[in-house]
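One-letter residues, chain by chain:
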Amino acid sequence: MQLTSAPATDEDRIAEGAPHRTERRTDPRRWLRIWVLFAGYFAEVLFRLYLVRDFSYPSVHPDEESYLVLARVLAGHPTTEMPVGVVIPGGYPLLISPALRIADDPSTAYHLVMGINALLNALVFPLAWVGLRRLGLGRPQAYAFAAATALLPPLVFYSEFALTDTVMPVLVLAWLLCLHGWLADGTTRRRAWHAAGAGLTAAYAMATHDRGGVVVALTGVVFAGVLLLRWAPWRSTVAGLGSLGAGVLGAKLLDSWLRARFTVPASDVGGFLWKGLTDPQAASRTLTRTAGQIWYVIISTWGVAGVAVVICLFAVFDKRVTRPYRVVGGVLVALLVGTALAAAAALPDDKRIDDWVYARYTACLVPAAFVVGSAALARLRGRALGRTLAGAAGLTLALGGAVVLSAGPLLRTQAFVAWGMPDALFLGGDWSSLHIMRTTAVAFAVLGLVVLLRTITSRRAVWLAVALALFAGFATVTITDRISYPHSNWRRSLATGFTERAGLHPDDSVVFSWDGDWGIRSTQAFEVYRGRVWYLDPRNRPIPAAATAVVMPPATEGAEPEAAWPGHPAEWFVERVDRQQGWMVWRRR
């Protein structure tokens, strides 16, 4: 695909004698386009709010509760136990912390968090529109493809929970657009602003999740390489390096501030990553998981991300393609491989099927890859399109085949967690097992039908985009109904259900014994909203003076309830016992 340069900037038009910017602002068509773009964004927000209308408590343990606990502290509430056991990056909790400042109870706070998620996640729509316009698509086509991008199941699915995956795709797409704007022709001032944006979005990605470390590393490499090769004005590159350094420093300060408020250690993902990369016995597993995650990105976009990978790889070595696209294309592929490899090496071996094709960590690249791939589908013709589709299909089959050959029977016998591979189950037509080759065939059948539609509609790309948008919306709604809601309903008994049955109140301060249900411990760190929780064994450690309740497993069948806590202080008594759920509540008199 012959990529075109970015549309001319205002400065370029002025230099060529075009009307001044203030004159262009009076153009009613320009304002109409802005309002149409805003209407699309608003529709994307409403779609997300509709999907999460009944979600009122965290259900992804212990990740959601850990982010909510950090947001609680950032909102000025008292500290409590960290469910995940380590201090994790606070960039996403910082964004949702206003919800916990406003709300008086955990259910209202969670609804507000879902609202913030919708506002943040839907930003992919205008960013995708900008990217598609830069790739040469007309406004109607760019609008329709941007709508399809913002409706993709991997993007919307994770925004239905209080997870960093809500905002990571937005940061990655904005980062790539800033890199391109910095490298593209324009005034030094304009390029400096884009470079600063690239540095800041990379740093905030690192402040949001450990995956952002890969983004920061790639940003540093690109800045250093461009500075040495003089591919951009040195002032703009210095602006980028300065913003990157300031942003990383800010991320470190935020991390230090949070760590000072908890007694648990900082996250040691780097240690797990190094061990996974240097352990010879884990090498095969790491490579297989890397292939599986890249395979998942491609099938979750129905092959469009595969088209993007092929296009970007060819662009890197094709001198006919302008430098900004070559660099950004290479960076996109490097980020995909680097993120998949890092996640594959750092993930523990917890005997789950979805670990081989884990969707979550590479989902942040789905919108960017879909933008590139859909632009290629709209613009490629004849043999070029055929070769690209063949390359994407061959790559996907090779990746999927590698997983099947390496993991073998483990794909059927290990623990099945539908939440970790929703798109594959949707395409495979089986919500209870993973079928890699069937899923691959269906994904490319969808892609083939879309390409056929473009052919029979006189190659009008807008109809191609509309078809993709409709299918994306259908897939997202289906996955929400079949996976998100059942998963949340299944975990209700550990969240608001337990809080109600146990008689806990938002102002309580509760001790949870270590031998109790870990899911209850995790969830109640958020459900006990204005008080706090401790994780300790009350049978051999002193109870904090501020504690108002203790939750522990009940005594053995036939024994007195008090036998569960021999030598308990006299002021404590058994208030409730639930043997079926395996807990009992003690209260201070």
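Residues numbered from 1 in each chain as written. Predicted model: local features only at pLDDT ≥ 70, side-chain atom pairs only at ≥ 80, totals over all residues. Heavy atoms only, no water.

Visitor: I'd love a proper account of helix α3 (residues 28-51), names of residues and values included.
Guide: An ideal rise of 1.5 Å per residue puts 34 Å on 24 residues; α3 measures up with 35 Å between its terminal C-alpha atoms. Those residues of α3 not exposed but buried are Leu-37, Gly-40, Tyr-41, Glu-44, Val-45, Phe-47, Arg-48 and Leu-51. Taken together, the buried residues of α3 touch α6 (106-121), α7 (124-134), α8 (139-150), α9 (153-158) and α23 (461-490). (Helix = DSSP H or I, 4+ residues; strand = E, 2+ residues; numbered from the N terminus. Expected span 1.5 Å × (residues − 1). Buried < 20%, exposed > 50% of the residue type's maximum accessible area, 1.4 Å probe, protein only. Contact = heavy atoms within 4.5 Å.)

Visitor: Now, about the sheet that holds strand β1 (residues 510-512): what can you tell me, with residues and values included?
Guide: In sheet architecture, strand pairing relies on hydrogen bonds along the backbone and comes in two forms, parallel and antiparallel. In space, the five strands of this open sheet follow the order β2-β1-β3-β5-β4, with mixed pairing throughout. Strand pairing shows two members of the sheet lacking a second neighbour, β2 (533-535) and β4 (572-578), which therefore form its edges. Averaged over all pairs of adjacent strands, the angle between their axes in this sheet comes to 20 degrees, without regard to strand direction. As defined by bridge partners, β1 adjoins strand β3 (residues 549-552) across three bridges and the pair is classed as parallel. If you follow Val-510 over to β3, its bridge partner there is Ala-549. Of the strands in this sheet, β1, β2 and β5 (583-588) are in contact with helix α25 (residues 518-527), which crosses β2 at around 150 degrees. (Pairing = 2+ DSSP bridges. Axes fitted to C-alpha atoms, helices over the stretch in contact; angles between N-to-C directions.)

Visitor: Outline the packing of aromatic side chains, listing residues and values.
Guide: Overall, the coordinates contain 26 aromatic pairs when judged by the stated rule. Seen from their ring centres, Phe-38 and Phe-42 are 6.4 Å apart, and the 15 degrees between their planes marks the pair as stacked. Pair noted here: Phe-38 and Phe-42 are both in helix α3, with a separation of four residues, about one helical turn. Residues Trp-182 and Phe-223 carry aromatic rings whose centres are separated by 4.9 Å and whose planes lie at 80 degrees to one another, so their mutual orientation is edge-to-face. Linking Trp-182 in helix α10 (residues 168-183) with Phe-223 in helix α12 (residues 212-229), this pair joins segments that are 41 residues apart in sequence. One exposure class covers both Trp-182 and Phe-223, and it is buried. An aromatic cluster of at least three residues, connected via ring pairs, comprises Phe-55, Phe-157, Tyr-158, Phe-161, Trp-419 and Tyr-485. The ring of Tyr-50 is capped by Arg-53, whose NZ or CZ atom sits 4.1 Å from the centre of that ring. Sitting above the plane of the Trp-356 ring, Arg-289 keeps its charged end 5.9 Å from the centroid. (Phe/Tyr/Trp six-rings, centres within 6.5 Å; stacked < 30°, edge-to-face > 60°. Lys NZ or Arg CZ within 6 Å of the ring centre and 35° of its normal.)

Visitor: Tell me about the environment of Val-172, residues and numbers included.
Guide: With respect to the helices and strands, the residue Val-172 is situated in helix α10. Val-172 gets classed as buried once you look at its relative accessible area, which sits at 2%. Separated by 40 residues in sequence, Val-172 and Gly-212 place their C-alpha atoms 8.9 Å apart. Not counting residues within four places of it along the chain, the set of residues in contact with Val-172 comprises Leu-335 and Cys-364.

Visitor: Help me get a handle on the packing of α8 against helix α18 (residues 366-379), residues and values and all.
Guide: Packed helix pairs are characterised by how far apart their axes lie and by the angle those axes make with each other. Packing of α8 against α18 leaves a shortest axis separation of 10 Å and a crossing angle of 145 degrees. For the pair α8 and α18, the sense of crossing is right-handed. Contacts from Phe-145, Ala-148 and Thr-149 in α8 reach Pro-367, Phe-370, Val-371, Ser-374 and Ala-378 in α18. In terms of residue class, the contact of α8 with α18 is made up of six nonpolar, two polar and no charged. (Left-handed = near helix turned anticlockwise from the far one by under 90°. Nonpolar A, V, L, I, M, F, W, Y, C, P; charged D, E, K, R; others polar.)

Visitor: Now, about unusual backbone geometry: what can you tell me, with residues and values included?
Guide: With glycine set apart, most residues show a phi of negative sign, and most peptide bonds adopt trans. In this model, His-61 is joined to Pro-62 through a cis peptide bond whose omega is -10 degrees. Topologically, Pro-62 is positioned in the loop between α3 and α4 (63-74).

Visitor: Any chance you could break down the pattern of salt bridges for me, citing the residues and the numbers?
Guide: Counted under the stated rule, the structure contains 19 salt bridges. Here Asp-508 ties to Arg-587 by a salt bridge, and the two come within 2.8 Å at their closest N and O atoms. Placement of the pair is Asp-508 in the loop between α24 (496-502) and β1 and Arg-587 in strand β5, with a sequence separation of 79 residues. Like Arg-587, Asp-508 is buried. Glu-571 is the salt-bridge partner of Arg-588, the closest N and O atoms lying 3.6 Å from each other. Highlighted residues: Arg-588 in strand β5 and Glu-571 in the loop between β3 and β4, separated in sequence by 17 residues. (Salt bridge = Lys/Arg side-chain N within 4 Å of Asp/Glu carboxyl O.)

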